[in-house]
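The primary structure of each chain is shown beneath.
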Amino acid sequence: MNYAINEEGFYGEFGGAYIPEMLHSNIERLRLNYLDIINKPNFQKAFKSLLKDYVGRPTPLYLAKSLSEKYGCTIFLKREDLNHTGAHKINNTIGQILLAKELGKTRIIAETGAGQHGVATATACALMGLECIVYMGAIDIERQAPNVSRMKMLGAKVVPALSGSQTLKDATNEAIRDWINNPEDTFYIIGSVVGPHPYPDMVARFQAIISEEMLWQLEEATGQNYPDKIVACVGGGSNAAGAFYHYLNDERVELVAVEAAGHGIHSGESAATSVLGTKGIIHGSRTLLMQTKDGQIIEPYSISAGLDYPGIGPLHAHLIDTGRATAIAITDEEALDAAFMLAQIEGIIPALETAHAFAALDKMKIEKSDCIVVNLSGRGDKDLGTYIKRMK
Ligand SMILES: *Cc1c(COP(=O)(O)O)cnc(C)c1O
């Protein structure tokens, strides 16, 4: 089995580009050019140099001693929380903004859930001197206030999405609408491995730096360049895609994708797409999504804004559908417990999204000999309000 994307932009039966006619020429230009641009030595040089000196890569692969002791195995944390702006999202926005510049675009739009992608995009735009408009659900604007202020301070315009559940999927709809109205000068920086081809593949390639580093960091730390298991939380799936990327075809490595079960998988307030999802089309790609029998999207729910999405990227739909990846769903409560556990035994406050990945350790079958990498996708500063409520 090969898990790479095919010529038509599909992972198995998932992916493709189901887009309105108005976006066709834009997406087609991107599709025809993205690999040539990304693979140019000059592009790679600029990308790698910014990742190193601006983002702060390579991020450490940290042997978490207390956590390893607790679970009776060896656990490494891939410290994406130490990136500039506090999460993995910046790897992708740096890549896409360089691409946008190559294509001669002057105006950048983005959608954001937790605000991390919005901040990462606003940061990249400030760095490159490009206009930046970020669409964000009105509810998310409320629950992620510090990130909204950051985006504004960085010079971005934050536009509230007032439809639907006023969260990530609605912000995405607004961003797509903007792009349809401004196809010439505007580049849409998508924040996860979702959307029409070539976005899922493009974003996965930019995030692949995570597992590219893991290869040599594991070799250095253990004498073996692969772990037994990689655990990552999945909203759209970009941090997981980056952490899995160089191990996709290495069946020795078990891939664990952790979703948000909200108040419980079957509570009606959940975002556990791999359990509740069925095949359909969302935001331009065929994937697994939460929908009613007649194709209406079911409003997702999670305590973490970054996992509050009714679909998953087509790569993950394929990995889960074929059994290559195992999906685990974690409730709000379990994630909160895990965040406090990690803070107190390792001195690391994770993002709420990332806390779901740590909670999954309780649900996995772990052998003493296991070497596990948990992708620590982001830091918890933005979630302090939620954590404070928990301490009262
Ligand atoms: C956005 C975000 C996520 C979820 O997005 P993916 O594309 O699934 O990675 C996870 N963790 C953090 C810290 C985030 O900011």
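Residues numbered from 1 in each chain as written. Predicted model: local features only at pLDDT ≥ 70, side-chain atom pairs only at ≥ 80, totals over all residues. Heavy atoms only, no water.

Examining the overall build of the protein
Logical step 1: Counting its regular elements, the protein contains 16 helices and 14 strands.
Logical step 2: For 392 residues, the compact-globule estimate of 2.2 N^0.38 gives 21 Å, and the C-alpha radius of gyration of the protein, at 19 Å, lies within 12% of that figure.
Logical step 3: The principal-axis extents of the C-alpha atoms in the protein amount to approximately 55 × 45 × 40 Å.
Logical step 4: Per-residue burial for the protein yields a buried fraction of 61% across its 392 residues.
Logical step 5: The long-range share in the protein, meaning contacts at least 24 apart out of those at least 6 apart in sequence, stands at 73%.
Logical step 6: As displayed, the protein offers around 15000 Å² of accessible surface, 52% of which is attributable to carbon and sulfur atoms.
Logical step 7: Charged side chains of the protein number 36 positive and 46 negative; the gap between the two group centres comes to 3 Å. (Helix = DSSP H or I, 4+ residues; strand = E, 2+ residues; numbered from the N terminus. Rg over C-alpha atoms; globule rule 2.2 N^0.38 Å. Buried < 20%, exposed > 50% of the residue type's maximum accessible area, 1.4 Å probe, protein only. Contact = heavy atoms within 4.5 Å. Areas by Shrake-Rupley, 256 points an atom, 1.4 Å probe, with all protein chains shown as cover. Lys, Arg positive; Asp, Glu negative; His and termini not counted. Charge placed at Lys NZ, Arg CZ, Asp CG, Glu CD.)

Considering the pattern of salt bridges
Logical step 1: Inspection of every chain in the model, using the stated rule, returns 27 salt bridges.
Logical step 2: Across the pair Glu80 and Arg57 runs a salt bridge, and its minimum N-O distance is 2.8 Å. Of the two residues, Glu80 sits in the loop between β4 (74-78) and α4 (89-102) while Arg57 sits in the loop between α2 (41-55) and β3 (61-63), which places them 23 residues apart along the sequence.
Logical step 3: In this structure, Lys382 and Asp383 form a salt bridge, with 2.7 Å as the shortest nitrogen-oxygen distance.
Logical step 4: You can call Asp383 buried: its relative accessible area is 2%.
Logical step 5: Among the charged side chains, a salt-bridge network with shared partners connects Arg57, Lys78, Glu80 and Glu213. (Salt bridge = Lys/Arg side-chain N within 4 Å of Asp/Glu carboxyl O.)

Notes on the packing of aromatic side chains
Logical step 1: One pass over the structure, following the stated rule, counts eight aromatic pairs.
Logical step 2: Ring geometry for Tyr188 and Tyr199: centres 6.3 Å apart, planes at 50°, overall tilted. Of the two residues, Tyr188 is situated in strand β8 (residues 186-189) and Tyr199 in helix α9 (residues 199-207); the sequence distance between them amounts to eleven residues.
Logical step 3: By relative accessible area, which is 0% here, Tyr199 ends up buried.
Logical step 4: An aromatic cluster of at least three residues, connected via ring pairs, comprises Trp179, Phe187, Tyr188 and Tyr199.
Logical step 5: One residue, Arg252, lies across the ring of Tyr226, its end atom 3.7 Å from the ring centre. (Phe/Tyr/Trp six-rings, centres within 6.5 Å; stacked < 30°, edge-to-face > 60°. Lys NZ or Arg CZ within 6 Å of the ring centre and 35° of its normal.)

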